[in-house]
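Residue-level structural notes
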Amino acid sequence: MGSSGNRQAGGGHRPGRWLLLALALWLGAWAVLDRVVPPRLPVAGGATVVLAADGSPLRAFPDREGTWRYPVTPDEVSPYYLQALLAYEDRWYRHHGGVNPLALARAAWQRLRHGRVVSGGSTLSMQVARIIEPHPRTVGGKLRQALRALQLEWRLDKDQILALYLNHAPFGGTVEGVEAASWAYLGKSSRELSRAEAALLAVLPQAPSRLRPDRHADAARRARDKVLDRLVAQGDWDRDEVDAARIEPVVSRRLRPPMHAALLARRLHAALPGEGRIRSTLDADLQRSLEARLAAYFAPLPERSSAALLVVENETLAARAYVGSLDFGDADRLGHVDMVRAVRSPGSTLKPFLYGLAIDDGLVHSESLLVDAPQSFGDYRPANFDPTFNGPVSVAEALRLSLNVPAVDLLDRVGPERFTARLAHGGVGLQLPRGAKPNLSIILGGTGTRLEELVGAYAALNREGLAGEVRYTADAPLRERRLLSAGAAWIVREILEQHGRPGLREGVVDASGRRRVAWKTGTSYGFRDAWAIGGTTRYTVGVWVGRPDGTPLPGQYGAITALPLLFEVIDGLPRDPRDGQRPPMPASVEKREICWPLGLPPDPQATSLCHRRREAWTLAGQLPPTLPEREARTWGAGRLAFDVHAHSGKRLSVDCLGKPPRRRIEIARWPSLAAPWLPAVERRASAIPPLSPDCAPDALDGLENLRIDGPAEGSLLASPPGSQRPPSLRLRALGTSARVQWLVNGRLAGETRGQGSWTMRFDQPGPQRVTALADTGAWAELNLRVLD
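Calculation rules
- Within every chain, residues take consecutive numbers counted from 1 along the sequence as written.
- Since the coordinates come from a predicted model, pLDDT governs what is reported: local features require at least 70, and pairs of side-chain atoms require 80 or more to be given and counted, while whole-chain, interface and lining totals use all residues.
- Side-chain figures throughout are based on the complete set of non-hydrogen atoms in the structure, without hydrogens or water.
- By the convention used here, strands pair only if DSSP detects at least 2 bridges between them.
- Comment: elements are numbered from the N terminus, with helices defined as DSSP H or I runs of at least four residues and strands as E runs of at least two.
- Every axis corresponds to a line fitted to the C-alpha atoms, with the helix fit spanning only the stretch in contact, and the corresponding angles, defined between N-to-C directions, vary from 0 to 180 degrees.
- In these notes, a set of buried Ala, Val, Leu, Ile, Met, Phe, Trp, Tyr and Cys residues joined through side-chain atoms within 4.5 Å is what counts as a nonpolar core.
- A 1.4 Å probe rolled over the protein chains alone gives each residue an accessible area, and that area as a share of the maximum for its type sets the label: buried under 20%, exposed over 50%, partly exposed in between.
- Residue contacts are counted whenever heavy atoms from the two residues lie within 4.5 Å of one another.
- Within 3.5 Å is the distance limit for a polar contact, defined as a pair of N or O atoms, with the added protein rule that one can donate a hydrogen and the other accept it, and that residues adjacent in sequence qualify only through two side-chain atoms.
- Put simply, a salt bridge is a Lys or Arg side-chain nitrogen that is within 4 Å of an Asp or Glu carboxyl oxygen.

**Side note on the sheet that holds strand β7 (residues 318-323)**
Strands sit in the order β7-β6-β14-β13-β12 across an open sheet of five strands; the sheet is antiparallel. One side of each edge strand has no neighbouring strand; the edge strands of this open sheet are β7 and β12 (518-523). Averaged over all adjacent pairs, the angle separating strand axes in this sheet is 10°, with direction ignored. Bridge count for strand β6 (residues 306-313) against strand β14 (residues 539-546) is eight bridges, and the pairing is antiparallel. Its bridge partner lying in β14, V312 is registered against T540.

Written out as structure tokens, the structure is:
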């Protein structure tokens, strides 16, 4: 009995064992089948969308089949859409394993009863299977679809399958996925859908060609309302919510992919291949408005002209707007060329960094005396954009007026190689011809750089001297380098802010609420590039105008072409209470009173040495004196002491006959090149008295005494009787063998060497001031009047 009972007990376990064995064999066979014939899951990559910082699309790049797709996850889609989709397509999606037998049976019974398809039996998983692997609508195709759905459920979780539907469902034309459809038809992200919009997009993949809202608005509305009715019937949404949703009209935009920041999007797409979504740092609204403003502002420019604009947030160095060309689609304007990245001549835009470096080096302070006069630097003879020279100017005036000669003179002292290296350290890589070395012309635009590098450098003026690389994506690292000290950057910014706004007269308009803008313009040789770059406490903006092919654009230069737009852009940027405030002055900066011509503080014991008083910004307690003239033999000491005769005032040397009564005096010498621009009182105060005839020559006797060989001072000139030709004169400078430059009313008019003659024709009537200026620093002046 015991033996028989054991056999019966063992036999009772056999069905369970066979069941487990059958299940194991079925699972094994299923695993083999799944491995041998796997579903063709979509490969990541292909279509790419570049987004603004808020997630709105800027530009989409289709995949190889030309399909537009903006990848999203279920968490990034409006819950209204997910509710409408699952309620309408697959109410039991979260509870079945890929196939819903009850739904299939119901669909089959309805078809047999009515002779047509009344409702589908496909689950959402089965629809995904058909999307990724299309098949004929036959019984065999349906079985294959069901098997693929089971494979999807085997391999993926519910959210992953749902994400495949969200990103690959057809929505008409070349649009796939709910996010691309939402932007294409509704102009908004799928996370912002209303109930009515969610219902519309939930039903659209059922018949995308017949229900496209941009072509068949009535059919789309009827299908949408059908979804809304089902949601009420199933108790998913209440009647009041659905009634409100039905009121919304079906309004669709023209189906067109976005095309904003096209050149930056192309750049990011190339830099990040394979990325489905690339989120940039751009402000979508600002980008769109500035693209429209740029196109309208520069529409009158001649053909083949273009423009570029870059707006950067100082604190993060993140780009907020990027317009690489005037019109991306305009082949005549070479709109495909990205001028934010193009290497162009910077004109005078590098000057602020030169002055900042010289301040850091202790060479100058903000009011140091410089001379704007014709000068030669070896074989290099710079001239101003305006041919007029200004004589003695301060560092601040030279920078604000963008004077060329003082800038070249200062670069000569700083050193072109060192200046270039400092810029490179700050992120501005100057491009020179192959084999060329940095030279003095770089400060006037004799080099190449990029708009984005200049903007990154100008940001240093509002970032305590830290320049940096402009960031275009949120995850880009913050790369910053020291370009200037915090104090030098503050002083340079203060100088540039004193420009004010062009056309805004001080005291006429209240500018207290306006942004303080430190700005600089530049124009390259031959009118090829016009620049305007400016910064506020929050933003730095750069504008470039020119022709991408490098040909001249006559009459267009920074101050009239680019600068007005710069201020328009800055005034349209987001406001901040700090905009009108002055940034705090660093502890290293101090305001001090100084005197010209020495550049030093006033000496209470020698008040005669202070010809002009000025308020200067100084750095780290340094008060550098006026720079010596490059030709030291014409300068000597700025503060000069010598003896004079107590009665005659003539200069006495060490060796004089007898014992004349002596008196010790001191004078402050102006740079010789500045003399023609000085008033008579300052000339006399700076002049070295003639040597007494009873004294032997001294070292001061070696200075040249230049005079003009020509008519007498104050002569009147007129044309010969009966002649229509204007009067002319032949002049020559006596007392030098050096080169002599001739100025008429402050404008360079000609040059001679030694005692060579020079002929000047006077076309305009009225007073004429003729100045002869020798390279040695000696000069002479002749005042004439031309009769009408």
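**Overview of the environment of A318**
Residue position: A318 is located in strand β7. As a C-alpha pair, A318 and Y539 span 221 residues in sequence and 9.7 Å in three-dimensional space.

**A few points about the nonpolar core**
The biggest cluster of nonpolar side chains holds 78 residues, and the ones touching the most others in it are L310, F419, I443 and Y472. Among the elements that take part in this core, helix α18 (residues 486-497) stands out by supplying seven residues, more than any other. For L310, the residues in contact, after removing those within four places along its chain, are A319, A321, Y322, V340, L451, E452, V455, V470, Y472, T540, V541 and G542.

**What to know about the pairing of β14**
For β14, a buried count of eight out of eight residues is recorded, marking the element as mostly surrounded by other parts of the structure. The sheet contact formed by strand β13 (residues 529-535) and β14 spans seven bridges and is antiparallel. By the bridge assignment for β14, G535 is matched with T540. Hairpin connection from β13 to β14: three residues lie between these consecutive antiparallel strands.

**Concerning the pairing of strand β22 (residues 728-734)**
Pairing between strand β20 (residues 707-709) and β22: three bridges, direction antiparallel. Bridge pairing in β22 links R707 to L734. Bridge count for β22 against strand β25 (residues 757-761) is five bridges, and the pairing is antiparallel. Bridge pairing in β25 places R732 opposite S757.

**Topic: the side chain of E153**
In this fold, E153 is placed in helix α5 (residues 139-155). Residue E153 is classed as buried on the basis of its relative accessible area of 18%. Among the polar contacts made by the side chain of E153, one reaches the side chain of S125 at a distance of 2.6 Å. Within the structure, the side chain of E153 is placed 2.8 Å from the side chain of K158, a separation counted as a polar contact. Apart from residues lying up to four places away in sequence, E153 is in contact with H96, G97, G98, S125, K158 and I161.

**Considerations on the pattern of salt bridges**
Overall, the coordinates contain 48 salt bridges when judged by the stated rule. Where K188 meets E197, a salt bridge forms, and the shortest distance between an N and an O atom there is 3.1 Å. Overall, E197 belongs to the buried group, its relative accessible area being 14%. We note a salt bridge from E666 to R639, for which the minimum N-O separation is 3.0 Å. In this pair, E666 is assigned in strand β19 (residues 662-668) and R639 in strand β17 (residues 639-645), connecting sequence segments 27 residues apart. Overall, the relative accessible area of 38% leaves R639 in the partly exposed class. Three or more residues are tied together by salt bridges with common partners; here these are R221, R224, D225, D229 and R246.

**Focus: the environment of L748**
By the secondary structure assignment, L748 is in strand β24 (residues 747-753). When its relative accessible area of 41% is taken as the criterion, L748 is described as partly exposed. Along the sequence, L748 and T388 sit 360 residues apart, while their C-alpha atoms lie 7.1 Å from each other. If near-sequence neighbours (up to four positions away) are discounted, L748 is found in contact with P374, P387, F389, Q741, W742 and L743.

**So, unusual backbone geometry**
Of note, the bond from W596 into P597 is cis; its omega dihedral lies within 30 degrees of zero at 10°. Inspection of the secondary structure puts P597 in the loop between β15 (589-596) and β16 (612-619). Although it is not a glycine, A261 adopts a positive phi angle of roughly 50°. Tracing the backbone shows A261 in the loop between α10 (239-247) and α11 (262-271). Positive phi outside glycine occurs at L317, with the angle close to 60°. Positionally, L317 belongs in the loop between β6 and β7.

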